[in-house]
Amino acid sequence: QVQLVESGGGLVQAGGSLRLSCAASGRTFSSYAMGWFRQAPGKEREFVAAIKWSSGYTVYGDSVKGRFTISRDNAKNTVTLQMNSLKPEDTALYYCAADRSPRGLVWAHEYDYWGQGTQVTVSS
């Protein structure tokens, strides 16, 4: 079992930056992938970014590419999402997720564990 806890959400103005963190505990494996998804009210859950734990390979959703950066810290067993140049459309509940058998990385249904989410609100 893996437990994920997100932190770092908040309210920022458009153009600002925010860093989200996801702390993983329990039984984790180097073959895992860690991902960030977001969901705004009434909308589908959207892929944001993911990283393969062992290799550091990353992939980003088109809407955040060039603005967001995902990274990992092996010592702290955490994954972070650095969000720059934030836009109002980035407003959503952001979820951290773990996939024990990563393949495509971008599909929410493939992930096995989820955090409770942290709210990000970007004002214009």
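Please refer to the structure higher up on the page.
This text gives an overview of the structure that appears in the document. Computed from a prediction, not measured in an experiment: that's the story for all the values here.

Some thoughts on the sheet that holds strand β1 (residues 2–7)
Inference 1: Ordered in space as β1-β3-β8-β7, the 4 strands form an open sheet in which the pairing is antiparallel. Edge positions in the sheet fall to β1 and β7 (68–73), since each has one partner strand and no second. Each neighbouring strand pair of the sheet contributes to a mean axis angle of 15 degrees, computed without reference to strand direction.
Inference 2: Taken together, the 6 bridges between strand β3 (residues 18–26) and strand β8 (residues 78–83) define a ladder with antiparallel strand orientation. Residue C22 lies in a different strand from β8, and its bridge partner there is V79.

With respect to the nonpolar core
Within soluble globular proteins, side chains that are nonpolar generally end up buried alongside one another.
Inference 1: Grouped together as the largest cluster of nonpolar side chains are 29 residues, with contacts concentrated most on L4, M34, W36, V79, L81, M83 and Y94.
Inference 2: Put simply, the parts of the chain that give this core at least two residues each are β1, β3, β4 (33–39), β5 (46–52), β7, β8, β9 (92–99) and β11 (118–123).
Inference 3: The contact partners of L81, leaving out residues within four places of it in the chain, are L18, R19, L20, W36, V48, A49, F68, T69, I70 and Y94.
Inference 4: Formed by 8 residues, the second largest nonpolar core is a distinct cluster that contains A33, A50, V59 and Y111.

Reading the values: the criteria
- Residues numbered from 1 in each chain as written.
- Predicted model: local features only at pLDDT ≥ 70, side-chain atom pairs only at ≥ 80, totals over all residues.
- Heavy atoms only, no water.
- Pairing = 2+ DSSP bridges.
- Helix = DSSP H or I, 4+ residues; strand = E, 2+ residues; numbered from the N terminus.
- Axes fitted to C-alpha atoms, helices over the stretch in contact; angles between N-to-C directions.
- Core = buried A, V, L, I, M, F, W, Y, C linked by side-chain atoms within 4.5 Å.
- Buried < 20%, exposed > 50% of the residue type's maximum accessible area, 1.4 Å probe, protein only.
- Contact = heavy atoms within 4.5 Å.

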